[in-house]
Amino acid sequence: MQRIEHDKPFRSHQKGILLNTSDKVLEYLNIYVGYMQDILSHGFDARLGKDRLSVAIDRNGQVVKLNRGLHRLAMAQVLGLKEIPVQVRAVHALWWQQVTAGEQGKAALANMVEALQTVRPASAPSTPTKD
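## Looking at the overall build of the protein chain
For the protein chain, the count of helices and strands is five helices and six strands. What you see in the protein chain, going N to C, is helices and strands ordered as α-β-β-α-β-β-α-β-α-α-β. Compactness check: the protein chain gives a C-alpha radius of gyration of 19 Å against a globular reference of 14 Å for 131 residues, more than 25% above the reference. In terms of overall dimensions, the protein chain has a C-alpha envelope of 60 × 35 × 30 Å along the principal axes. The contacts of the protein chain with a sequence gap of at least 6 include a subset with a gap of at least 24, amounting to 53%. Only carbon and sulfur atoms are counted for the fraction: they give 53% of the accessible area of the protein chain, which is about 10000 Å².

So, in structure tokens, the structure goes:
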């Protein structure tokens, strides 16, 4: 609404959106309310977005959100969901070395899968590992 008041309404040529009136803003926001109601009714369905929610694991073994799925993540947070499915797209080499403890192949992957069960978001309080 501030953008409208400053005569700089939100527009996305890619999505065909121009939010230049309060009615259009409310209509746009109601789309997300519908998404949130669907999540509450049917659970979080990772297949509904264009891209999978992707994360990376940083050097301290913490989850860092990558560039896609920010709206879905925000909706899940607003709804208070404790877990959502994500795709791990990258793992920091230092964390990998620590977790795999010199193992290779299937043993290394098994160690990583086990360690992934305890990772937390980078913004959550945690104790960093030593480098």
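## Let's talk about the environment of Arg120
Along the chain, the position of Arg120 falls in strand 6 (residues 120-121). For Arg120, the residues in contact, after removing those within four places along its chain, are Gly61, Gln62 and Val63.

## A closer look at the side chain of Asp58
Residue position: Asp58 is located in the loop between strand 3 (54-57) and strand 4 (62-65). Arg59 provides the closest opposite charge to the buried, salt-bridge-free Asp58, at an N-O distance of 7.3 Å. Excluding residues that lie within four positions of it along the chain, Asp58 makes contacts with Val64, His92, Trp95 and Ala122.

## Focus: helix 2 (residues 22-42)
The terminal C-alpha atoms of helix 2 lie 30 Å apart, and with 21 residues this matches the ideal 30 Å at 1.5 Å per residue to within 8%. Listed in full, the buried residues belonging to helix 2 are Val25, Tyr28, Tyr32, Met36 and Ile39. Taken around the axis of helix 2, the buried residues stretch over an arc of 90°, which confines them to a single face. Opposite the buried face of helix 2, at more than 90 degrees from it, the exposed residues are Asp23, Leu26, Glu27, Ser41 and His42. On its buried face, helix 2 is in contact with helix 1 (2-5), strand 2 (17-19) and helix 3 (70-78). Looking one or two residues beyond helix 2, the residue adopting positive phi is Gly43, at roughly 85°.

## A look at helix 3
Three- or four-residue spacings in an α-helix give side chains the same orientation, since the helix completes a turn every 3.6 residues. For helix 3, the complete set of buried residues consists of Arg72, Leu73, Met75 and Ala76. Taken around the axis of helix 3, the buried residues stretch over an arc of 160°, which confines them to a single face. In helix 3, those exposed residues whose orientation departs by more than 90 degrees from the buried face are Leu70, Gln77 and Val78. Considering only its buried residues, helix 3 is in contact with helix 2 and strand 4.

## Re the confidence of the model for the protein chain
Overall, the prediction assigns the protein chain a mean pLDDT of 86, with 94% of residues at 70 or greater. Segment residues 125-131 is flagged for pLDDT under 50; beyond a separation of four residues in sequence, or across chains, it makes eight contacts in the model.

## Section: the nonpolar core
Counting 13 residues, the largest nonpolar core has Leu19, Tyr28, Phe44 and Met75 as the members making the most contacts within it. Where this core is concerned, the elements lending two or more residues are strand 2, helix 2 and helix 3. Among the elements that line this core, the one with the most residues is helix 2, at five residues. Setting aside residues up to four positions removed in sequence, Tyr28 forms contacts with Ile17 and Leu19. Core analysis: the second largest hydrophobic core is formed by six residues, Ile57, Trp95, Val99 and Met112 among them.

What counts and how
Residues numbered from 1 in each chain as written. Predicted model: local features only at pLDDT ≥ 70, side-chain atom pairs only at ≥ 80, totals over all residues. Heavy atoms only, no water. Helix = DSSP H or I, 4+ residues; strand = E, 2+ residues; numbered from the N terminus. Rg over C-alpha atoms; globule rule 2.2 N^0.38 Å. Contact = heavy atoms within 4.5 Å. Areas by Shrake-Rupley, 256 points an atom, 1.4 Å probe, with all protein chains shown as cover. Buried < 20%, exposed > 50% of the residue type's maximum accessible area, 1.4 Å probe, protein only. Lys, Arg positive; Asp, Glu negative; His and termini not counted. Salt bridge = Lys/Arg side-chain N within 4 Å of Asp/Glu carboxyl O. Expected span 1.5 Å × (residues − 1). Arc of directions from axis to C-beta. pLDDT = per-residue confidence, 0-100. Core = buried A, V, L, I, M, F, W, Y, C linked by side-chain atoms within 4.5 Å.

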